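Each chain, written out:
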Amino acid sequence: MRQVEADKAGRPIESIGRAEVEDFLYTEADLIDRWQLKEWVELYAEDARYFVPTTDLPSADPKNDLVYIHHDYIRIRELARRLLSSKAHREYPYSKVRHLVTNVRLMGIEDDGLHVSANFTVWRFRNEDVDHFVGQYDYWLKLVGGELKIGQKKATLDQITLRPAGAISIVL
Amino acid sequence: MIKDVGLDLEGIVEDRSEEGIFRYHRSTLTSPEILEIERRKIFDKCWIYLGHESEVPKPGDYKRRKVVGRPLFFIRSRKSSKINVFFNACAHRGAAICRHDEGRANALQCFYHAWTFDTEGNLIGVPGEEAYGGSWDRDKMGLKSVPRVESYRGFIFVNFNPEAEDLITYLAEAKDYLDHIVDGAEEAVRFYRGSSNGSSDPLSMEILRGTHMYAVKANWKLVGENGYDAYHVAPTHASYIQYLKNVGQEISGYKNGIQKNLGNGHAVFEGEIDWGRPVSKWSAVFGEDSKEEMEALRKHIINKFGEERGRLIAELDRNLLIFPNLTINDIMALVIRTFYAIRPDYTEITSWELVPKGERPDVRAKRLDSFLTFLGPGGFASPEDAEAVESCQQGVQADPNAWSYLSRGLHHDTPQILDEHQMRTWWREWHRRMLG
């Protein structure tokens, strides 16, 4: 067993195949959908970023342009804490959320890690709200102690505006 | 008589100061008939924010934008560099002329029959023009301009009423608040450039790229109220305040807060609160490395403008609503927000971030961070505002014959920051115009 862990810890990012990446993305989607947000945060590396550009500027540079979300690890953790607090009134009681993740592709190893792209549809239902978010994910994954972690997650929306939605109050 | 509720417009707002009661009838939030009157008497008569001059910096630059439901576009003239604002409709048969959200053009051509217009709106090309006879006059077939366009310190407003008073008169004392914002930004630009010389650029502020476009299932007036209601901050934004606490920033509430009636329905609340301001009040969110410099900028502004106005510019938050639908919140960042009723219970909201131009990249990055923690659909606070106004709308629809109350602080000689003076100011103007 110890040997297995040692082997796992030493494995290179090049050894990660699409099946493992897909399992990882589906796990993330499932944790969000089931509001297991403490466990969700554990999928992120400590230097992680979670980024959602505005609908009118998908190529935004978050250091220079206005975006919807650009969280570092602390804010990712705080987002989870906030959503679980019962004081995030937009999401308490919790909405019903469903992530559909498809078209998963490994785009190659880059400086920031293994670049993965995927398509998504996220549905949110609450009271009379039926919100949908459609777009493309770009992930940069890395291995930390042999475990896959999210270094960066970018969700680029296809919609022209968020309307009729009033917020991105859930995790995309 | 409003058909939906059988109530006179006259009685729809009750200002009973001696009894300590100010209230408005909830049909004002649900009635299509009220919205129809609002369209005629408010949106077609008041000065409405269109955009900022920095959005079309070069000759030929244009932006397409819907303003109070009307498709418009504005374009910087190739001849005069002036900004022209047109209805986005071909003079021929009404097809949309401008079919991109933004761009740069020498001329605009309608795709339908290829009529072509220059940046002044003049008709410069008509295929087969010889087929037009009689009193045909190409010079009379230009694009139709919005009746009135005026700007103040970069903020462009339109008015669909040709007889409207001028913008400066309309802005009344709200003008001073635009001055505080722009003067502060100018000093910040000079300070970070390390020079006391002003730039030759007449504009000291710019709208950042990236627009927040969202909607709420609530009446537009609720959106306006929410934007400058200090009373709701502690309960509604408890999770934001907890977030700040978690990252080392205790919030103890507003200090030295006041509210002001700025005339013509405009009002502001201002006060000190523990979160930071990019120009220029440091807080933990900006990071230790920027503490010294932001403090130096604060002192610089106070030296430049004197203790009273300097402190007001650098240290005080201000939430301002320019009647009827322009919110300017100069808080942990500077947000410009407009909102418009598509239906009585559905409002489209658009927000931009305004920043000092040519700001140093690290300062810009921190400002953006500060914005996103609180503001916008993905922030740690604005989603709760959407929830609050939608919650009101749902409750109001349960019984549109009930009343909503804005009586807080009605008996105060000097309005306090948590009072509802600002909203009463707005509703009195709304009522005056609706009866006019």
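Okay, so let's go over this structure. It should be emphasised that the depicted structure is a prediction, and the values quoted were computed from it without experimental measurement. (Residues numbered from 1 in each chain as written. Chains lettered and ligands numbered in written order. Predicted model: local features only at pLDDT ≥ 70, side-chain atom pairs only at ≥ 80, totals over all residues. Heavy atoms only, no water.)

**Focus on the pairing of strand β2 (residues 21-25) of chain B**
Residues and elements named next belong to chain B.
And step 1. Burial of β2 is extensive: 4 of the 5 residues sit out of reach of the surface.
And step 2. Direction of pairing for strand β1 (residues 13-16) relative to β2: antiparallel, over a ladder of 4 bridges. Each residue of the ladder has a partner; that of Asp-15, found in β2, is Phe-22.
And step 3. Count of turn residues in the β1/β2 antiparallel hairpin: 4 residues, of which Gly-20 carries a positive phi of about 75°.
And step 4. Sheet topology places β2 next to strand β21 (residues 403-405); 3 bridges connect them, and they run antiparallel. If you follow Tyr-24 over to β21, its bridge partner there is Ser-404. (Buried < 20%, exposed > 50% of the residue type's maximum accessible area, 1.4 Å probe, protein only. Helix = DSSP H or I, 4+ residues; strand = E, 2+ residues; numbered from the N terminus. Pairing = 2+ DSSP bridges.)

**Focus: the interface of chain B and chain A**
And step 1. Of the residues lining the interface, 39 residues belong to chain B; the matching set on chain A comes to 38 residues.
And step 2. Together, the buried faces of chain B and chain A total about 3,400 Å²; carbon and sulfur atoms form 52% of this surface.
And step 3. Sorting the residues of chain B by area buried against chain A places Arg-209, Met-213 and Phe-380 of chain B first, and these three jointly supply 19% of that buried surface.
And step 4. Counting across the chain B and chain A interface gives 8 salt bridges.
And step 5. For Lys-217 of chain B, the salt bridge is made with Asp-129 of chain A, and the minimal N-O distance between the two is 3.2 Å.
And step 6. Of the residues forming the side of chain B that touches chain A, the biggest block, 8 residues, is contributed by helix α8 (residues 361-374) of chain B.
And step 7. For the side of chain B that touches chain A, the residue count by class is 20 nonpolar, 10 polar and 9 charged. (Contact = heavy atoms within 4.5 Å. Buried area = accessible area lost by both parts, 1.4 Å probe. Salt bridge = Lys/Arg side-chain N within 4 Å of Asp/Glu carboxyl O. Nonpolar A, V, L, I, M, F, W, Y, C, P; charged D, E, K, R; others polar.)

**Concerning the packing of helix α4 (residues 220-227) of chain B against helix α9 (residues 382-398) of chain B**
All names here are of chain B.
And step 1. At their nearest, the axes of α4 and α9 sit 10 Å apart, and the two run at 135° to each other. Our classification of the angle between α4 and α9 gives oblique. In this structure, α4 meets α9 at a crossing whose hand is right-handed. Taking contact as the criterion, the partners of Leu-222, Val-223 and Asn-226 in α4 are, on α9, Asp-385, Val-389, Cys-392 and Gln-393.
And step 2. Of the residues that constitute the contact of α4 with α9, the class distribution is 4 nonpolar, 2 polar and 1 charged. (Axes fitted to C-alpha atoms, helices over the stretch in contact; angles between N-to-C directions. Parallel < 35°, antiparallel > 145°, perpendicular 65-115°, else oblique. Left-handed = near helix turned anticlockwise from the far one by under 90°.)

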